[in-house]
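Structural features, examined
Residue-level listing of the chains:
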Amino acid sequence: MKVHHVRTACEDACCYSDVVDAKRTRFDVPRSPPVKGYVGKNCDYLRCENKENRGCDNDRWRLGKSNFTGRFSLPIATFTAWCNSHLRKAGTAIDNIEEDFRNGLKLMLLLEVISGETLPKPDRGKMRFHKIANVNKALDFIASKGVKLVSIGAEEIVDGNLKMTLGMIWTIILRFAIQDISVEEMTAKEGLLLWCQRKTAPYKNVNVQNFHLSFKDGLAFCALIHRHRPDLIDYNKLSKDNPLENLNTAFDVAEKYLDIPRMLDPDDLINTPKPDERAIMTYVSCYYHAFQGAQQAETAANRICKVLKVNQENERLMEEYERLASDLLEWIRRTMPWLNSRQTDNSLAGVQKKLEEYRTYRRKHKPPRVEQKAKLETNFNTLQTKLRLSNRPAYMPTEGKMVSDIANAWKGLETAEKSFEEWLLSEMMRLERLEHLAQKFKHKADAHEEWTRGKEEMLQSQDFRQCRLNELKALKKKHEAFESDLAAHQDRVEQIAAIAQELNTLDYHDSISVNARCQRICDQWDRLGALTQRRRQALDDAERILEKIDILHLEFAKRAAPFNNWLDGTREDLVDIFIVHTVEEIQGLIDAHAHFKATLGEADKEYQSIVGLVREVESIVKQHQVPGGLENPYTTLTAHDLTRKWGEVRQLVPQRDATLQAELRKQQNNEMLRRQFAEKANAVGPWIERQLDAVTAIGMGLHGTLEDQLHRLKEYEQGVYAYKPHIEELEKIHQAVQESMIFENRYTQYTMETLRVGWEQLLTSINRNINEVENQILTRDSKGITQEQLNEFRSSFNHFDKNRTGRLTPEEFKSCLVSLGYSIGKDRQGDIDFQRILAVVDPNNTGYVHFDAFLDFMTRESTDTDTAEQVIDSFRILAADKPYILPDELRRELPPDQAEYCIQRMPPFKGPGAVPGALDYMSFSTALYGESDL
């Protein structure tokens, strides 16, 4: 006999193969021979190849590719037992499923019992049309329950067509016993299979994958009973090698204790290669309904697990916020004293070291803290959003750790940074000037002390008393020349005193030694003045005696002294230390030096003229042999001194040229650095401003959907991080600028500090807007609002956000609510209602309403959220209606970690009837949604 394999489920309801499930591919063989209407006209499900010979062996059929040969006794017995399990509630039963439903009376009674409804009154006659009428009433009732019956007619049932009768019974089982089974929104069959898999998952040797082979060894049935009633079966004593014992144990226990009749034959299950799926589904559905109360407990446990999981995650976010906030505030607290310190060793090297430390702080220590602050704000906003979505109170951080507290501390840090950097730069300028002044003071003081050396002894000398007349005249003229020289040095002494005073004013670190030296010079200057006056008086007294003077010596002395002063001043000017900051300033010095070099010709003439006087004296002395005539009585200067100083001046002039040219190159390099920095800053600054404007526009919800906004913000974020090398390049140029002691730049309005602040604001704005959009998406998806509603809320919010700050004042918020149709009275009650609403959208009393809180308020009232009452009802189911719950009950129904979480946090139950270990689940549930230590 050739066998046709299964194609699909039959489209004819009269065919038994169609009733089970559109996904089935095989079914067991009926014991009766095929008759007219027995197999659907469109069904290739099972067919004897001998179409001509209806007298073939009707008891032996082949299933698909299987080699099994069997009978159809299993589903008949199962369906019969299932019907009797319900009919006995009405005090009756059936013996033969093929015969007992033919008159329709017990069929109508069965439908009344399983549906709990009353069918039309049956016809009590025994005629065929009475029976057909009763069966039609039953079939009409089935059809009224939404079941489409194809090719099943009352005539086939009345005629005892077993195929149609079994198909009808299977349809009733599907509709009233299996269809209502729902697990996680799956179909009835899939839901029942998932229920079996979950219940038997912890049991060894049980792996439920279907409703035929997975139940053959009986362990799956025993596991279902043991999971719900462990007192009825000792599962550890069962063995996979004894399927018959396992099946009999399960069926006996189910019949005796669970009121589930035997619907399956253990021998048939064991000996059939592939047991009938419908029969096992029918029997397993009885287990599901028997344990439906335990299913409610599982649902309650799942709800509790969901609530506890949300609570645990919220606690983790709170602890992480507290940790990050404490760490950031502690870092700011440790950093502020250093930034506020203005102590230094008052030296240029010490200040330069402090500046390098500050650069290290900005490059290495602060950037991680900027990221930490952004993460802190993101975590806080995410936590508040999750709390709102889970109907929890708003999170209030520990005192001193609010977001506003951190923002204020951060602002104080930035203010201290700016003040510290400004102080460092001003201190460097001050100390640089101090070093210049100190060098200038030392140089002038050395020159003055060199000039005054021996002057007091000379003025106190009484040499003129033993001189001849000409010698006396010479001494007098010499003294007059000294007075002229002394007057010329008056300006130098005043300059020394002025420099010392400026060093004191600028708090020079070695001002004590400077003051001491200046005091010594001034005291000596006063003594020189007094001694000069006394010697002048003495020479005037002797002048009456000494008349002759040496004109040549006198002329030499008069002309040599100012020329010598000019030489001294010129030498000082040529080695004078200068400080300039621009090319224009050094060019001015170069021009002045060029002008000075133009006067050297006249100076050379003067030098030659003065030296010519000495040569003339030498000629006269040599000619007339005047004793002591070569000695000039009027001055200590000699032609040799002037020649030496004049040679030094001529050597210093080219050296001064080289120094000025070197400084010119330095200033030109500084000018190049200024231009480089300005060119880069003038590009980076407007770019940052454009990015800030674009991010702000996106954050106002002016461009596309939330997903579009989030995508664009992340694109901007990538673009910003890709632009970071430009900032780093600018930092390198800025470092070179500071190392070159450049303090101002006329080519740009941007400073490195303003660019740093703008860069940090841009990063913070992008992170904040991404977080806000993600929270809005989370709110939209969880609340079920449409994009049009969200756009309407955003449009109304933006309309009243005139300044585009992303927040509304209470008055603006009130106007926005009114524009959206929210009724707020203008009387006292209206004010009270508005204050209540304001407390919801601004729980921290900041004085502003942000868009996230506004969106949450507009949608939260229409959302189905967990409540404390729902959690209490769930715990009450687990506790079997007791006012308390025991730890063992929690461990049995909840996952281990969440069970221990509840046990550790639930307070002991102190009400009437409490037993040892009883826990108060009501106060615990209330604390989850109210004030608590969370």
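Scoring rules and cut-offs
- Residues numbered from 1 in each chain as written.
- Predicted model: local features only at pLDDT ≥ 70, side-chain atom pairs only at ≥ 80, totals over all residues.
- Heavy atoms only, no water.
- Helix = DSSP H or I, 4+ residues; strand = E, 2+ residues; numbered from the N terminus.
- Contact = heavy atoms within 4.5 Å.
- Areas by Shrake-Rupley, 256 points an atom, 1.4 Å probe, with all protein chains shown as cover.
- pLDDT = per-residue confidence, 0-100.
- Axes fitted to C-alpha atoms, helices over the stretch in contact; angles between N-to-C directions.
- Parallel < 35°, antiparallel > 145°, perpendicular 65-115°, else oblique.
- Nonpolar A, V, L, I, M, F, W, Y, C, P; charged D, E, K, R; others polar.
- Salt bridge = Lys/Arg side-chain N within 4 Å of Asp/Glu carboxyl O.
- Core = buried A, V, L, I, M, F, W, Y, C linked by side-chain atoms within 4.5 Å.
- Buried < 20%, exposed > 50% of the residue type's maximum accessible area, 1.4 Å probe, protein only.
- Lys, Arg positive; Asp, Glu negative; His and termini not counted.
- Arc of directions from axis to C-beta.
- Polar contact = N/O pair within 3.5 Å; in protein donor to acceptor, adjacent residues only side chain to side chain.
- Phe/Tyr/Trp six-rings, centres within 6.5 Å; stacked < 30°, edge-to-face > 60°.
- Lys NZ or Arg CZ within 6 Å of the ring centre and 35° of its normal.
- Disulfide = S-S within 2.5 Å.

The next subject is the overall build of the protein. Counting secondary structure elements, the protein contains 31 helices and 2 strands. A sequence separation of at least 24 residues applies to 75% of the contacts in the protein between residues at least 6 apart. As displayed, the protein has an accessible area near 47200 Å², and 50% of this comes from carbon and sulfur atoms.

What follows covers the confidence of the model for the protein. Across the protein, pLDDT averages 78, with 85% of residues at or above 70. The model gives residues 1–74 a pLDDT under 50, and that stretch makes 155 contacts with residues more than four places away or in other chains. A low-confidence stretch, residues 545–549 stays under pLDDT 50, and its non-local contacts, those more than four residues away or across chains, total 16 contacts.

Below, the discussion takes up the packing of helix H25 (residues 810–819) against helix H26 (residues 828–841). Axis separation between H25 and H26 bottoms out at 11 Å; the angle between their running directions is 105°. The angle between the axes of H25 and H26 places the two elements in the roughly perpendicular class. When H25 is examined against H26, the residues Pro-810, Phe-813, Lys-814 and Leu-817 are found in contact with a partner set consisting of Asp-831, Phe-834, Ile-837, Leu-838 and Val-841. Its residues assigned to classes, the contact of H25 with H26 comprises 7 nonpolar, no polar and 2 charged.

Here we come to the pattern of salt bridges. Evaluated as defined, the whole model comprises 58 salt bridges. Close ionic contact of Glu-671 with Arg-746 constitutes a salt bridge, the shortest N to O distance being 2.9 Å. Taken together, the residues Glu-671 in helix H21 (residues 639–699) and Arg-746 in the loop between helix H22 (706–739) and helix H23 (752–783) connect sequence positions 75 residues apart. Here the salt bridges do not stand alone but share partners, grouping Arg-362, Lys-366, Glu-417, Glu-731, Glu-753, Arg-756 and Glu-760 into one network.

By size, the foremost hydrophobic cluster in this structure holds 77 residues, and its most contacted members are Trp-82, Ile-172, Phe-221 and Tyr-287. Among the elements that line this core, the one with the most residues is helix H6 (residues 162–178), at 11 residues. Filtering out sequence-adjacent residues up to four positions away, Tyr-287 remains in contact with Trp-195, Phe-221, Leu-224, Ile-225, Ala-250, Ala-254 and Ile-260.

Within the element layout of this structure, Glu-663 appears in helix H21. It turns out Glu-663 is buried and unbridged, and the closest side chain with the opposite charge, Lys-666, is 4.5 Å from it. In this structure Glu-663 touches Phe-578, Val-580 and Ile-586, once residues within four positions along its chain are discounted.

This next bit is on the environment of Lys-680. Locating Lys-680 in the fold gives a position in helix H21. The buried category is assigned to Lys-680, whose relative accessible area is 17%. Between the alpha carbons of Lys-680 and His-726 there is a distance of 8.1 Å; along the sequence they are 46 residues apart. Ignoring sequence-local partners within four residues, the contact set of Lys-680 consists of His-726, Glu-729, Leu-730 and Ile-733.

Given 3.6 residues per turn, any residue in an α-helix points the same way as the ones three and four places further on. Along helix H31 (residues 921–929), the residues that are buried comprise Tyr-921, Phe-924, Ser-925, Leu-928 and Tyr-929. Along the axis of H31, the buried positions cluster into a sector of 130°, meaning they face one direction only. Capping the start of H31, Asp-920 holds a side-chain oxygen 3.2 Å from the backbone nitrogen of Met-922, two or three residues further along.

Quick look at the packing of aromatic side chains now. One pair of aromatic rings is described through two measures. These are the centre distance and the angle between the planes. If you walk through the whole model with that rule in mind, you get 33 aromatic pairs. Their ring planes at 0° and their centres at 6.0 Å tell us that Trp-451 and Phe-482 sit as a pair that is stacked. Residue Trp-451 is found in helix H14 (residues 403–452), and its partner Phe-482 is found in helix H16 (residues 469–505); the two are separated by 31 residues along the sequence. We note that Trp-451, like Phe-482, is buried. An aromatic cluster of three or more residues is present, and its members are Phe-211, Phe-215, Phe-221, Phe-251, Tyr-283, Tyr-287 and Phe-291. Above the plane of the ring of Trp-451 lies Lys-455, whose end atom (NZ or CZ) is 4.9 Å from the centre.

To continue, consider the state of the cysteines. Enumeration over the complete set of coordinates arrives at 0 disulfides. The cysteine Cys-522 is free of any disulfide, with Cys-518 supplying the nearest cysteine sulfur at 4.1 Å. Given a relative accessible area of 24%, Cys-522 falls into the partly exposed group.

What follows is about H25. When we look at burial in H25, the residues that qualify are Phe-813, Cys-816 and Leu-817. End-on, the buried residues of H25 take up no more than an arc of 100°, which puts them together on one face.

This brings us to unusual backbone geometry. Its identity as a non-glycine residue notwithstanding, Asn-205 has a phi of 65°, on the positive side. Looking at the secondary structure, you find Asn-205 in the loop between helix H7 (188–200) and helix H8 (219–228). We classify Asn-205 as partly exposed; its relative accessible area is 43%. Even without being glycine, Asn-391 reaches a positive phi, approximately 65°. Counting through the fold element by element, Asn-391 comes out in the loop between helix H13 (348–389) and H14.

For the rest of this paragraph, the subject is the environment of Thr-249. On the secondary structure map, Thr-249 appears in helix H9 (residues 243–257). As a C-alpha pair, Thr-249 and Ile-233 span 16 residues in sequence and 8.2 Å in three-dimensional space.

Checked against the element boundaries, Asp-485 lands in helix H16. Despite being buried, Asp-485 has no salt bridge partner; Lys-455 is the closest side chain of opposite charge, sitting 5.8 Å away. At 3.2 Å, the side chain of Asp-485 forms a polar contact with the side chain of Asn-565. When near neighbours in sequence (up to four residues on either side) are disregarded, Asp-485 contacts Trp-451 and Asn-565.

Moving on to the environment of Ile-304. With respect to the element layout, Ile-304 can be found in helix H12 (residues 292–340). Given a relative accessible area of 1%, Ile-304 falls into the buried group. The spacing of Ile-304 and Phe-875 is 571 residues in sequence and 7.6 Å in space, taken between C-alpha atoms. Ignoring anything within four residues of it in the chain, the contact list for Ile-304 reads Ser-874, Phe-875, Leu-878 and Leu-894.

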